[in-house]
Structure formats: C-alpha cells, structure tokens
Amino acid sequence: MARIVVVTSGKGGAGKTTTSAAIATGLAMRGHKTVVIDFDVGLRNLDLVMGCERRVVYDFVNVINGEATLRQALIQDKRIKTLAILPASQTRDKEALTPEGVGKIIEELRKDFDYVVCDSPAGIEHGAMMAMYHADDAIVVTNPEVSSVRDSDRMLGLLSSKSRRAEQDELPVSCHLLLSRYDALRVQRGEMLSLQDVQDILAIPLLGVIPESPAVLHASNSGTPVIYDEKSEAGLAYGDAVARFLGEERPHRFLEPRRQGFFAWLFRKMR
Amino acid sequence: MRFFDYYRSKKVTSAKSAKERLQIIIAHERIQNSGHDYLPILQKELLDVIRKYIPVDEEAVKIDLDREGVCEILEINVTLPQNEESAKAKTRSVRLFGRKGPAPFEV
C-alpha cells in the first residue's frame, strides 16, 4: 500500500516544487516505485524542474475527465526506471480538480506505487486542499522568515482539521518540517530565524535543513533535480532528508557557517 | 572576550523580534483557525461563570492553543485579583487538555 506524501507550505516560493522533485527522485533512487503529481493547475512547473516538459502529452485533468488513461498521462522518468511524473494541466482552471476525480486517481496510483508525492500549489485554496486531502505524510517546506513560518502554521492547522485522515477520524497526518533556504551565517549574526526558533514555534519533527545554495538554481536551469548534485550542500541535505524520511538516523549538517579564511572575512568587512 | 559578550547581549537582533512577533500572532491565529468554533464562546462563557463569583475584568481569561507533536494543548489562564486593596494580580495557569491523535491526554 502506497504512502501519499504531500509537499506543502502555504507560502509561494518556499521551495515546494524543488523539494517534490528532489524527494521523489531520492525515493526512486533507493528503489521505491514513486510517482510525483503536480497539483498546480494552470501554473505547472514540476515538468520543467524534472526536465520532462517536452514529453507532456496528457495531463492530470485529462485523466480526471476521462480524455486519457492514467497510463497515457504518466511520464516515465528518463534517468530512473522507478520514477513517474503526472503533470498538471496548463490550460484549465483549478476547479477542474474534482474531489472524486482526484480520489479515484490517488486510489489507482496507490495500487501501483510505493510513494505518491503530491506537489501542492501555493495558498490554501482548492488546489492546495486537493493536494493535501489524501496525505498520509506532509512535508512542510518552510523558510526561516516570518511570513513563511506563519503560513506553515496555518497549513499545519488545516492538515489536522481538513485532511481525509482528520475527517475520517484516523491517525493524524504525520507532518515533517523541512527548513529550506537556511543561511547559517545570517542566523549566527541574528539576522535570520534559527532552526531552534522555527522548531519552537511549529513544534513538528524535523526532516531536514536545506542550506541556501546556488546549486538549486543550477538544477532547475538544467531540469535535473538538485538531489543529483552530490557536490552541493543542498543536494546532500536532500539526500539526508530522504534517508530520514525512510527511517534512517542521520546527523543534521550545514547548521553552522562554514569557517571563513581571514581574507574572506576582511573582504566582507570592507564591502 | 567578556567585553564582547556584554556588547553583543545588548543588541536586540531582528531574528529575536521576528520570533517574538510570530509567537504572539500564531498563538492568536491558532485559536481563530483551530476549527474549534466554540473557543471564543468558551472564553466568553468561562468569563461569565468566573464573574459570577469573582469580580474580574474582560482580560482576565486568556485561552491559548498550543501544539506539541500530535497533541493540541488548550491552555486557559485566569488572572485573579488577590484582594481589593492590592493591585497585584495573581496568575493561575491551568493546563486543561490535549487532544488530536493517539497520545494520552494531559490533564
């Protein structure tokens, strides 16, 4: 039986799509049959980040409307056999995702896959609610910044009251914090909320801390999920997060600023 | 080194004020968005009951909703006036209950 994992945040630009691509790829790399679904109808981008934008023929809404079968719409990843992508529709509006239609597709995917990763759109409207409704796990992507933390808290409230598990009185959705765009140096200087600050407020278990890294932009530029970039801190941090998600114990890295040489320090002072 | 520590501790960093502001607004919003529509009414009714016996003002009853893992904790603070003469108020904090999920209640 597959686990449904929603990647959500409330706020836009927190790194949901980057995270969905990285986590889905990471799960598939470890041999789990994984499908990643883009719920951002009208503003699809997961296809670009995954590098399969030119292979989209049918989409999520086509399947819901019965214009294509699920098999036709699923895009097999070129790099990993166990990974598939279900793109969002670029032309319809959000309301095209009907609760029944989404439910049916999720149930079908549950049979064939180990993990169904749902990339939520920003906001708390229809698309976001559809993405999180069926979730067993939620990865809440948060930036160490006031608006993002507030929105994440709002999202956590919705997960505990409006999800299928909440409505059917099952065990609650298990929520994990993924703190992204973390700049340890600015935290040290007191310019940015620390990991501890965010944990004090949100009070959910920590999946990982993704440091701010130029590698994320490089990765989306080339359509290769950043988890492949094992030279970058962000790529390694996502690797750790996937391992922790699967139950491995891994120490958290990149929480302290890198030691700077004297000249780097001097240069910074002079600017 | 001590001198530097002293200098540092005086500064209120922006991260610190961010955290404080967040804690206040989020505690407030958790009540409003908790899905428990009864919380504001509960607050009002509690106040009414307390007022029947003790003269307290509007601000005396504070309700906070907190989360600890899967547990939601409803914290009710009632500020009681100590006696007529002293203006000093005494705060009693009562942790009422935690719910949501399988974890045992904390009473």
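Our subject is the structure that appears above.
Residues numbered from 1 in each chain as written. Chains lettered and ligands numbered in written order. Predicted model: local features only at pLDDT ≥ 70, side-chain atom pairs only at ≥ 80, totals over all residues. Heavy atoms only, no water.

Chemist: Could you give an account of the interface of chain A and chain B, with specific residues and numbers?
Modeler: The interface of chain A with chain B comprises 22 residues on the first partner and 20 residues on the second. Where chain A abuts chain B, roughly 1,800 Å² becomes buried across the two surfaces, and 56% of that area is made up of carbon and sulfur atoms. As a salt-bridge pair, Glu29 of chain B and Arg150 of chain A come within 2.6 Å of each other at their nearest N and O atoms. The interface formed by chain A and chain B includes seven residue pairs in polar contact (both at pLDDT 80 or more). Put simply, the parts of the chain that give the side of chain A that touches chain B at least two residues each are helix 7 (146-162) and helix 10 (195-202) of chain A. Top contributing element to the side of chain A that touches chain B by residue count: helix 7 of chain A, with nine residues. Looking at the side of chain A that touches chain B residue by residue, the class counts come to 10 nonpolar, four polar and eight charged. (Contact = heavy atoms within 4.5 Å. Buried area = accessible area lost by both parts, 1.4 Å probe. Salt bridge = Lys/Arg side-chain N within 4 Å of Asp/Glu carboxyl O. Polar contact = N/O pair within 3.5 Å; in protein donor to acceptor, adjacent residues only side chain to side chain. Helix = DSSP H or I, 4+ residues; strand = E, 2+ residues; numbered from the N terminus. Nonpolar A, V, L, I, M, F, W, Y, C, P; charged D, E, K, R; others polar.)

Chemist: Describe a nonpolar patch on the surface, listing the residues and the values that go with them.
Modeler: Together, Phe262, Phe263 and Trp265 of chain A give the surface a local cluster of nonpolar side chains, amounting to about 390 Å² of exposed area. Within the secondary structure, Phe263 of chain A is located in helix 13 (residues 262-270). (Patch = residues over 30% accessible without salt bridge, like charges linked within 9 Å, V, L, I, M, F, W, Y side chains within 5 Å. Areas by Shrake-Rupley, 256 points an atom, 1.4 Å probe, with all protein chains shown as cover.)

Chemist: Can you lay out the pattern of salt bridges for me, pointing to particular residues and giving the numbers?
Modeler: Between side chains of opposite charge, pairing is possible as soon as their charged atoms come close. Residues and elements named next belong to chain A. Scanning the entire structure with this criterion turns up 22 salt bridges over all chains. Here Asp77 ties to Arg79 by a salt bridge, and the two come within 3.4 Å at their closest N and O atoms. Among the ionic pairs, Arg186 bridges to Glu191, the shortest N-O distance being 2.8 Å. Judged by its relative accessible area of 34%, Glu191 is partly exposed. (Buried < 20%, exposed > 50% of the residue type's maximum accessible area, 1.4 Å probe, protein only.)

Chemist: Can you explain helix 1 (residues 16-29) of chain A? Please cite residues and give values.
Modeler: Residue and element names in this part refer to chain A. The first and last C-alpha atoms of helix 1 sit 19 Å apart over 14 residues, in line with the 20 Å expected at 1.5 Å per residue. With 11 of 14 residues buried, helix 1 lies mostly within the body of the structure. Buried within helix 1 are the following residues: Lys16, Thr19, Ser20, Ala21, Ala22, Ile23, Ala24, Thr25, Gly26, Leu27 and Ala28. Following helix 1 by one or two positions, Gly31 has its phi on the positive side, about 90 degrees. (Expected span 1.5 Å × (residues − 1).)

Chemist: Please give an account of the sheet that holds strand 8 (residues 206-211) of chain A that cites residues and values.
Modeler: All names here are of chain A. The eight strands lie next to each other as 3-4-2-5-1-6-7-8, forming an open sheet whose pairing is mixed. The sheet is open, and its two borders are formed by strand 3 (75-76) and strand 8, each paired with just one other strand. Inspection of the sheet shows strand 1 (residues 3-8) paired to strand 6 (residues 137-142) by four bridges, in the parallel sense. Across the sheet, residue Val5 finds its bridge partner in strand 6, namely Asp137. Strands strand 1, strand 6 and strand 7 (174-182) of the sheet are contacted by helix 7, whose axis makes an angle of about 165 degrees with strand 6. Here helix 12 (residues 233-245) sits on the sheet in contact with strand 1, strand 5 (115-119), strand 6, strand 7 and strand 8, set at roughly 175 degrees to strand 8. (Pairing = 2+ DSSP bridges. Axes fitted to C-alpha atoms, helices over the stretch in contact; angles between N-to-C directions.)

Chemist: Report on the side chain of Arg244 of chain A, specifying residues and quantitative values.
Modeler: Residue and element names in this part refer to chain A. Within the secondary structure, Arg244 is located in helix 12. Buried within the structure, Arg244 lacks any salt-bridge partner; its nearest side chain of opposite charge belongs to Asp240, at an N-O separation of 4.0 Å. A polar contact is formed between the side chain of Arg244 and the backbone oxygen of Arg250, at a distance of 3.1 Å. (Lys, Arg positive; Asp, Glu negative; His and termini not counted.)

Chemist: Describe the packing of helix 1 of chain A against helix 12 of chain A, and please don't skip the residues or the numbers.
Modeler: Two numbers describe a pair of packed helices, the interaxial angle and the distance between the axes. Residue and element names in this part refer to chain A. Contact geometry for helix 1 and helix 12: axes closest at 9 Å, N-to-C directions at 60 degrees. On the basis of their axis angle, the class for helix 1 and helix 12 is oblique. Seen from above, helix 1 lies across helix 12 with right-handed handedness. Along its contact with helix 1, which presents Thr18, Thr19, Ala22, Ile23, Gly26 and Leu27, the element helix 12 presents Tyr238, Ala241, Val242 and Phe245. Grouping the constituent residues of the contact of helix 1 with helix 12 by class yields seven nonpolar, three polar and no charged. (Parallel < 35°, antiparallel > 145°, perpendicular 65-115°, else oblique. Left-handed = near helix turned anticlockwise from the far one by under 90°.)

Chemist: Now, about the environment of Ala237 of chain A: what can you tell me, with residues and values included?
Modeler: Among the structural elements, Ala237 of chain A can be located in helix 12. Leave out the neighbours within four places in its chain, and Ala237 of chain A touches Val209, Ile210, Pro211 and Phe254 of chain A.

Everything listed here is a matter of geometry and, on its own, says nothing about what the molecule does.
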